[in-house]
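Observations on the three-dimensional arrangement
Now for the letters of each chain:
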Amino acid sequence: MKMTEYNPQKIERKWQRQWKETGIYKTKDSVKGKKNFYHLVMFPYPSGDLHIGHWYNFAPADVYARFKKMSGFNVMSPIGFDAFGLPAENAAIKRGIHPEKWTYANIKAMSKQIESMGNMFDWSREIITADPNYYKWTQWIFLQLYKNGLAYKKKAPANWCPKCHTVLANEQVVDGKCERCDVIVVQRDIEQWLFRITKYADKLLEGLDGLDWPEKTKLMQKNWIGKSEGTLIQFPISNFQFPNKSQNPNDQNFLEVFTTRIDTILGCTYCVIAPEHEIISNLKSQISNLDEVEGYIEQSKKKTDLQRMETDKQKTGVELKGVKAINPATNKEVPIFVSDYVLAHYGTGAIMAVPAYDERDFEFAKKFNLPIIKAPLAPKDEMIKKLGAKKTINYKLRDWLISRQRYWGAPIPIIFCDKCGEVPVPEKDLPVKLPNVKNYLPTEEGKSPLAHSEKFIKTKCPKCGGPAKRETDTMDTFVCSSWYFLRYADPKSSNKFADAKKIKSWLPVNMYVGGSEHAVLHLLYSRFFTKALKDLGHIEFNEPFSALTHQGIILGPDGQKMSKSRGNVIDPDELVKNFGVDAVRMYLCFMGEYSQGGPWNPTGIMGVKRFLEKVWKLKTNLDIKCPSGRLMSKSLETLLHKTIKKVGEDIKNFKFNTAISALMILLNQMEKEKELRVTDYALLVTLLSPFAPHIAEELWSQLKNKNSIFEQPWPKYDPKKIKEETFELVVQINGKTRDRFEAPIGIAENEAKDLTLKRENVKRYTDLPGRQASAKNQIIQKVIFVPNKLINIVIK
RNA sequence: GCCCGAGUGGCGGAAUUGGCAUACGCGCACGACUUAAAAUCGUGUGGAGAAAUCCAUGUGGGUUCAAGUCCCACCUCGGGCACCA
């Protein structure tokens, strides 16, 4: 069969079938003489349809992967599905379909769509996090963390989404609202599982330095961790009386505060404690306005986080009457207030207020008519010594809340026994399978739907064999995705989460491509898992992703975020039907800077489509144009080598738009040539192949090549052939371009100057009546010569 | 409020890091082919001016022989954090 017309759909079908049959993208764990290169895109969750955003993530990333493969690396580019979790579950519930059925139907549909992109994904390594063979190891990792004190259960106020009926991690609360459904989050006292990510705060901070990541992302993590160095100081309570009950050794007769500004302590005129602060219960007998205080505490407990934030300008609070603290620096008594502008979970939950130096304290002081003293600043170190204060470090980062009162997740492998208490499921009993229940709807009472499944709950205690109950909460889906990159190294392993040798040969990930919305979620959690697994001796590296790139967001043609209600959604399937996969891939690369994204231009794609057609036509004309064996023109040769250099360098830097522009320039030049060698045309096709793999593979085979173009080495350029012999010397008069002429590379300053002064265009400025152009008689003040670039004559 | 990032033709965007601003593409205009249209090909395309030339990289200042690029102030947009003491 000989194809004469360019029919993208036909070519795509042909080569996608061929690639599948030959298994060209199946990755071996090692190839002799080649270095492994782990190239990863963030795996999608099975939401339903493949969005243009997925394309923008995967297609340009595939250009990079193919380029790496052709550059001599053994490239692994795996794909899978982040199948558990709220998004899939909510979508399923909305349609009245069981989450499992819905999820697997979507995976099937989306796999087909992903395959249509023609990426070099290795499907033999596909993973699905909802598969028991996968989540067995998610549970196993949970147990490792649990056994080493990095996972714990506690009852405390947590972010509760009233619509999703589950608690959420701090990272999943955006502006006081649930990141999934935008409903205002409330605080709810509930038993919850947490990972002790705070133990790794410092390591997570330090590790950022060595990473080839966008600076902005590193900064976001740094700010999220929020390290601040300060001091703990004790403010004695005057006339402190221990409560009547038997004396608790933890009861303190002082108030400990945290400050980063101990130098301002002389200006401290009152103290403030958070409504949740423990000291209140010990002071009860001394507080004369206890009813008022407790009323205030009740009130602030009822507030949502969002309401607390809204009180931005209006500070509230109540003084603890009958109790005073003593400022240890001045030995003066100061009042104590309870106010919700102080956060219980940060520092000690208590502050020394210095209204003269702190804006928030100033506002509060003004409202309650408290003294504002502009005291002199004291030297920090001296003050610490004098007061016997302790230097300390605080972090904004809080422990990661991972339990969800939802059905569609990996069960937490813990058993509760009346006799033995909390008992981890023995590793040999993993996985704890998620039962296929009929009643999977979330409940209001703060319990997982699994709590209704007697069959699931009832079990035996692994320790004593007595009757016991299973934990019914499931894990946050971010737990599943915090280690998936390890599994790709050995996706079928049944006796380990992945073979150590295989992990060593592939990890850390060499290039990770995905959205920046995960800057403090997935990317932080994965770093935590990696560090914990390393400390527990399971892996040998500290950081999961050596290099990271974010794609931008594609907006609708109207410049607005794409949404069905706005009707500005661009459907990639439709584009593929109209323009072909190669054109879609290529236009995504061409439309602008990769990390920037931007509005979709419906007519812009015609440009790359035309380009591909021209490449095709050039081949048709080749037989006429090329009498075989002719030398190409000097100028084409230079351009060809320059293009090889530019395209390679641009792909390496994810500057796909300028790489394509260089290819267009090369094509435009080739079209103008009277004769064209087959080998030179083949070079163009090779340079094009990472962007438009289907047409390139077809043209390559039409050039009578038997192997795949992707088994070709990336072309090398000859640095000698890039060097030109002449250049265009720019002549400026007072910094403005007035002339230019061809001059040999390396021309000396004197020679360039002489030639320049003889130019007619220059004489017009320098040959003034009665004066001569020379630096001596002051027409010419100065001559600036930039070798191989320009000459600037400064005249008066 | 604080911390990042960005503002370049009608539009998406280039610019070897201080050296010809507007590459490449879209769009538009004119021409060729056609009975005609589409497609295709060719030419032109920042603004003003007859021209010399002048003016243009968010605004205003500065440094420099030379600024889109460096410095200062401001404006607008995007992102992050948000009572973290």
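Helix and strand counts for chain A stand at 27 helices and 31 strands. If one aligns the C-alpha atoms of chain A with their principal axes, the spans along those axes are about 105 × 85 × 50 Å. Taking all 796 residues of chain A together, 53% fall into the buried category. Sequence separation of at least 24 residues holds for 75% of the intrachain contacts in chain A that already meet a minimum separation of 6. Accessible area for chain A stands at about 38,100 Å²; split by element, carbon and sulfur atoms hold 49% of it. Once the 121 positive and 92 negative side-chain charges of chain A are each reduced to a mean point, those two points are 4 Å apart.

Attention now moves to the protein's contact with RNA strand B. Around RNA strand B there are 51 residues in total, and Thr260, Arg360, Lys396, Met591 and Arg610 lie nearest to it. Backbone polar atom of threonine 260 to a sugar or linking oxygen of RNA strand B: 2.4 Å apart, as the coordinates give it. With 6 residues, the top contributor of residues to the surface near RNA strand B is helix H22 (residues 656–672). Here the surface near RNA strand B is built from residues that sort into 19 nonpolar, 15 polar and 17 charged.

The subject of this paragraph is unusual backbone geometry. Geometrically, the link from leucine 430 to proline 431 is a cis peptide bond, its omega value of 0 degrees lying close to zero. With respect to the element layout, proline 431 can be found in the loop between strand E20 (421–424) and helix H13 (454–457). Cis rather than trans, the peptide bond between leucine 507 and proline 508 has omega equal to 0 degrees. Residue placement: proline 508 occurs in the loop between helix H16 (500–506) and strand E24 (511–513). Residues other than glycine seldom take positive phi values, yet phenylalanine 654 does so here, at roughly 55 degrees. One can find phenylalanine 654 in the loop between helix H21 (634–652) and H22. For phenylalanine 654, a relative accessible area of 8% translates into the label buried.

Right, let's get into the pattern of salt bridges. Enumeration over the complete set of coordinates arrives at 31 salt bridges. With its nearest N and O atoms 3.8 Å apart, the salt bridge here joins glutamate 319 to lysine 324. Arginine 677 is paired through a salt bridge with aspartate 680; the nearest N and O atoms lie 3.1 Å apart. We classify arginine 677 as partly exposed; its relative accessible area is 23%. Using a relative accessible area of 2% as the deciding quantity, one classes aspartate 680 as buried. One salt-bridge network, in which partners are shared between bridges, spans Asp29, Asp122, Arg125, Asp490 and Lys502.

Criteria and thresholds
Position labels on residues start from 1 in each chain and follow its written sequence. Labels are handed out in written order, letters beginning with A for the chains and numbers beginning with 1 for the ligands. Reporting of local features is limited, given that this is a predicted model, to residues whose pLDDT is at least 70; pairs of side-chain atoms are given and counted only at 80 or more, and all residues count toward the totals for whole chains, interfaces and linings. As a convention, hydrogens and water are excluded, and side-chain values are obtained from all of the structure's heavy atoms. The way it works is that DSSP assigns letters per residue, a run of H or I at least four long becomes a helix, a run of E at least two long becomes a strand, and they are numbered from the N terminus. The buried label applies to any residue whose accessible area, calculated with a 1.4 Å probe on protein chains only, is under 20% of its type's maximum; exposed applies above 50%, and partly exposed to all values in between. In this description, contact between two residues means that some pair of their heavy atoms is separated by no more than 4.5 Å. With residues, only the protein chains shown are counted as cover, and all accessible areas are computed by Shrake-Rupley using a 1.4 Å probe. Within this scheme the basic residues Lys and Arg register as positive and the acidic residues Asp and Glu register as negative, but His and the chain ends are omitted. A charged residue contributes its charge at one atom only: NZ of Lys, CZ of Arg, CG of Asp or CD of Glu. If a single non-hydrogen atom of a residue is within 4 Å of a molecule or strand, that residue counts as near it. The term polar contact refers here to a pair of N or O atoms within 3.5 Å; inside protein, the definition further demands a hydrogen-donor-capable atom paired with an acceptor-capable atom, and it admits residues adjacent in sequence only when both atoms are side-chain atoms. Only Asp, Glu, Lys and Arg are considered charged in this grouping, and only Ala, Val, Leu, Ile, Met, Phe, Trp, Tyr, Cys and Pro are considered nonpolar; every other residue, Gly among them, is considered polar. Think of a salt bridge as a Lys or Arg side-chain nitrogen and an Asp or Glu carboxyl oxygen that are within 4 Å of each other.

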